[in-house]
Amino acid sequence: NAGVTQTPKFQVLKTGQSMTLQCAQDMNHEYMSWYRQDPGMGLRLIHYSVGAGITDQGEVPNGYNVSRSTTEDFPLRLLSAAPSQTSVYFCASSYGTGSYTEAFFGQGTRLTVV
Amino acid sequence: GQQVMQIPQYQHVQEGEDFTTYCNSSTTLSNIQWYKQRPGGHPVFLIQLVKSGEVKKQKRLTFQFGEAKKNSSLHITATQTTDVGTYFCAGTLRNFGNEKLTFGTGTRLTIIP
């Protein structure tokens, strides 16, 4: 099994550009989530989804959009990149309701906004 | 602000010494999970605790969940170089939505051989 696959692994954007971070899982998990990791801040929840067609905001949703048209895919869109969005982004998936089961993480996307 | 804090932020130990990281929440937690992230890697699940006062062991690792379900600890006995990484706790904050897993700030462990 591939588990959780994120693309790209690295990305450099100019301020104001938009892009989509891709996330796909092959474990038939209902729950998927996006986190950003910054030094000293741990992992902060951006958006999450409890199933296809359902999304909700996490702790730091501003500047990001998500959609969940299928169980497998949960893309994260940066609408207009800002230097403050320079970070490492992780996608995760879990069985069931999400916060009570093991989260499986992708390899991460290291994003730099200049 | 950050709901779940961990201390210390960094810990350097000699190989063979013990290591402990503490996780504290301002709100009662429904559960606590622990993850390990190797340098340059992604978080990997270690364990989950659910019951008040629960203690679980995995070889040299001992995990505890506080009686009030507001704190937790991870203790590693006789550290090895393979223990290097950042350890995160994560919990579901009661009254903040059952689907949200809130991560702590992490403790980065380095081992001096």
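Just so it is clear, the structure is predicted and the values come from calculations on it, not from any experiment.

Colleague: What is the right way to read the overall build of chain B from this model?
Modeller: A tally of helices and strands in chain B yields 0 helices and 11 strands. The linear arrangement of helices and strands in chain B, starting from the amino end, is β-β-β-β-β-β-β-β-β-β-β. Principal axes of the C-alpha set define a box for chain B whose edges measure 45 × 25 × 20 Å. The long-range share in chain B, meaning contacts at least 24 apart out of those at least 6 apart in sequence, stands at 56%. Taken as a whole, chain B presents about 5,300 Å² of accessible surface, with 50% of it coming from carbon and sulfur. Across chain B, the 12 positively charged side chains and the 7 negatively charged ones have centroids separated by 7 Å.

Colleague: What is the right way to look at the sheet that holds strand 3 (residues 19–25) of chain A in this model?
Modeller: The strands making up a sheet associate through backbone hydrogen bonding, with each pair oriented either parallel or antiparallel. Residues and elements named next belong to chain A. Overall, antiparallel pairing links the 4 strands, which are arranged 1-3-8-7 in an open sheet. Each of the sheet's edge strands pairs with one partner strand only, and the pair in question is strand 1 (4–7) and strand 7 (64–66). Each neighbouring strand pair of the sheet contributes to a mean axis angle of 20°, computed without reference to strand direction. As defined by bridge partners, strand 7 adjoins strand 8 (residues 76–78) across 3 bridges and the pair is classed as antiparallel. Counted as the bridge partner of N65 is R77 from strand 8.

Colleague: It is not clear to me how unusual backbone geometry should be interpreted in this structure. Could you clarify?
Modeller: Peptide bonds are mostly trans, and most non-glycine residues show a negative phi. A cis amide bond, omega -5°, links T7(A) with the succeeding residue P8(A). Examined against the element boundaries, P8(A) turns out to sit in the loop between strand 1 and strand 2 (10–13). Cis geometry marks the peptide bond from I7(B) to P8(B); its omega dihedral reads -5°. Positive phi outside glycine occurs at K59(B), with the angle close to 55°. Structurally, the position occupied by K59(B) is in the loop between strand 6 (55–58) and strand 7 (61–65). Among the residues examined, K59(B) registers a relative accessible area of 88% and is labelled exposed.

Basis of the calculations
- Residues numbered from 1 in each chain as written.
- Chains lettered and ligands numbered in written order.
- Predicted model: local features only at pLDDT ≥ 70, side-chain atom pairs only at ≥ 80, totals over all residues.
- Heavy atoms only, no water.
- Helix = DSSP H or I, 4+ residues; strand = E, 2+ residues; numbered from the N terminus.
- Contact = heavy atoms within 4.5 Å.
- Areas by Shrake-Rupley, 256 points an atom, 1.4 Å probe, with all protein chains shown as cover.
- Lys, Arg positive; Asp, Glu negative; His and termini not counted.
- Charge placed at Lys NZ, Arg CZ, Asp CG, Glu CD.
- Pairing = 2+ DSSP bridges.
- Axes fitted to C-alpha atoms, helices over the stretch in contact; angles between N-to-C directions.
- Buried < 20%, exposed > 50% of the residue type's maximum accessible area, 1.4 Å probe, protein only.

Limitation: the analysis is restricted to geometry and does not speak to function.
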